[in-house]
Amino acid sequence: MGTDKKLALIVSDSAKAQEGAEALRKAHDWVKPVDADVFVVLGGDGFLLHVLHEMLDKGRLRPCYGVNLGTVGFLMNRNGTKRTIAERIGRAREIAVRPLEMRAITQDEQEFSYYAINEVSLLRETRQTAKLEVKINGKVRMAELAGDGVLVSTPAGSTAYNLSANGPILPLGCNMLALTPISPFRPRRWRGAILPDSAEVEFRVREPAKRPVSAVADQKEVRDVRDIRICTAHDKELTLLFDPGASLEERIFAEQFQA
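Predicted model only: the values in this text are computed from it and were never measured.

A.B. asks: How should the overall build of the protein chain be read in this particular structure?
C.D. replies: Within the protein chain one finds 5 helices and 16 strands. A compact globule built from 259 residues should have a C-alpha radius of gyration of about 18 Å, and the protein chain, at 20 Å, falls within 12% of that. Along the three orthogonal principal directions, the C-alpha set of the protein chain runs to about 60 × 40 × 30 Å. Taking contacts inside the protein chain between residues at least 6 apart in sequence as the whole, the part at least 24 apart equals 69%. Of the accessible surface of the protein chain, which amounts to about 12800 Å², a share of 46% is contributed by carbon and sulfur atoms.

A.B. asks: So what exactly am I meant to see when it comes to the nonpolar core here?
C.D. replies: The nonpolar side chains of soluble globular proteins are, as a tendency, buried together. Within the largest apolar cluster, 29 residues are counted, with the highest numbers of intra-cluster contacts made by Phe-39, Leu-48, Leu-52, Cys-64, Leu-240 and Leu-248. For this core, the secondary structure elements donating two or more residues are strand E1 (7-11), strand E2 (38-43), helix H2 (45-58), strand E4 (93-97), strand E16 (238-242) and helix H5 (248-255). Within the second largest apolar cluster, 28 residues are counted, among which are Leu-122, Leu-177, Val-213 and Val-222.

A.B. asks: How should I be thinking about the pairing of strand E15 (residues 225-232) in this particular structure?
C.D. replies: A regular strand places its side chains so that they alternate between the two faces of the sheet. With 7 bridges connecting them, strand E5 (residues 100-106) and E15 associate as antiparallel partners. Directly across from Ile-105, in E15, lies its bridge partner Asp-227. Direction of pairing for strand E12 (residues 201-205) relative to E15: antiparallel, over a ladder of 4 bridges. Across the sheet, residue Phe-203 finds its bridge partner in E15, namely Ile-228.

A.B. asks: Would you mind going over the pairing of strand E13 (residues 213-217) with me for this structure?
C.D. replies: With 5 of 5 residues buried, E13 lies mostly within the body of the structure. Residues Val-213, Ala-215 and Ala-217 line one face of E13 and the alternating positions Ser-214 and Val-216 line the opposite face, and both faces are buried. In this sheet, E13 lies alongside strand E7 (residues 119-124) in antiparallel orientation, the contact comprising 5 bridges. Paired with Val-120 across the two strands is Ala-217, which belongs to E13. Two elements, E13 and strand E14 (residues 220-222), share 3 bridges in a ladder whose sense is antiparallel. Residue pairing across strands places Ala-215 opposite Val-222, the latter belonging to E14. The loop that links E13 with its antiparallel partner E14 comprises 2 residues; one of these, Asp-218, has a positive phi angle of about 55°.

A.B. asks: Looking at this structure, I do not really get the packing of aromatic side chains. What am I missing?
C.D. replies: Any aromatic ring pair is given by two values, namely how distant the centres are and how the planes are angled relative to each other. Summed over all chains, the structure comprises 1 aromatic pair. Aromatic side chains Phe-112 and Tyr-114 sit 6.4 Å apart centroid to centroid with 20° between the ring planes, which places their arrangement in the stacked category. Residue class for Tyr-114 comes out partly exposed when judged on its relative accessible area of 24%. The cationic tip of Arg-186 hangs over the ring face of Phe-185; the distance from NZ or CZ to the ring centre is 4.6 Å.

Calculation rules
Residues numbered from 1 in each chain as written. Predicted model: local features only at pLDDT ≥ 70, side-chain atom pairs only at ≥ 80, totals over all residues. Heavy atoms only, no water. Helix = DSSP H or I, 4+ residues; strand = E, 2+ residues; numbered from the N terminus. Rg over C-alpha atoms; globule rule 2.2 N^0.38 Å. Contact = heavy atoms within 4.5 Å. Areas by Shrake-Rupley, 256 points an atom, 1.4 Å probe, with all protein chains shown as cover. Core = buried A, V, L, I, M, F, W, Y, C linked by side-chain atoms within 4.5 Å. Buried < 20%, exposed > 50% of the residue type's maximum accessible area, 1.4 Å probe, protein only. Pairing = 2+ DSSP bridges. Phe/Tyr/Trp six-rings, centres within 6.5 Å; stacked < 30°, edge-to-face > 60°. Lys NZ or Arg CZ within 6 Å of the ring centre and 35° of its normal.

Right, dumping it as structure tokens:
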């Protein structure tokens, strides 16, 4: 990416991010977000996801270069190098991330549509086990999955909730999705499935009044859902920028060898 790009600085409200932004504000001629070619995002993973979701909601997509002034920083670049921010962005590697689109219909016939960069998860709302019918590309593949819930993860999100639920780590660029049960009761030994990202995944909640289920697209929750459809939003491809040798692809690869 060239060094002549117009950059906008977007900073988290956290004290750490605000403090770190002071020197950076003086080190470059920033433009307003509406005029920018690239967003430089200061904060943590959660704040970067917030910025990405805002872009999806507004329909104005820009490449994002994250600088870690949060906690984990899995999606971010490290803070502080000898290179200027323009030089770092000029050398950065582009990584494409395709979000999921979730459409959910509630028990009272309300319809909601949200995007998920990491995963869409279905979770039981009460002590009652969730019971779900699982349909792939219009065909019922599992008449009843009973457990705490299920999730559909992108490769970018496969090292997050999906990994905690014993789902597979997916390399970036594999064009696959992980379908992972959450504490399954029946079928007890089903470990989930790996699907092409062209697949349309549908869930129908069985006994929704007795066994209510919520659907969560990253941080956005819809309660008391009845029917859920999930597919990859190929027309909403996002771009993340990473320093050479420290890309998201390398981090996902390295995560598979962590003890």
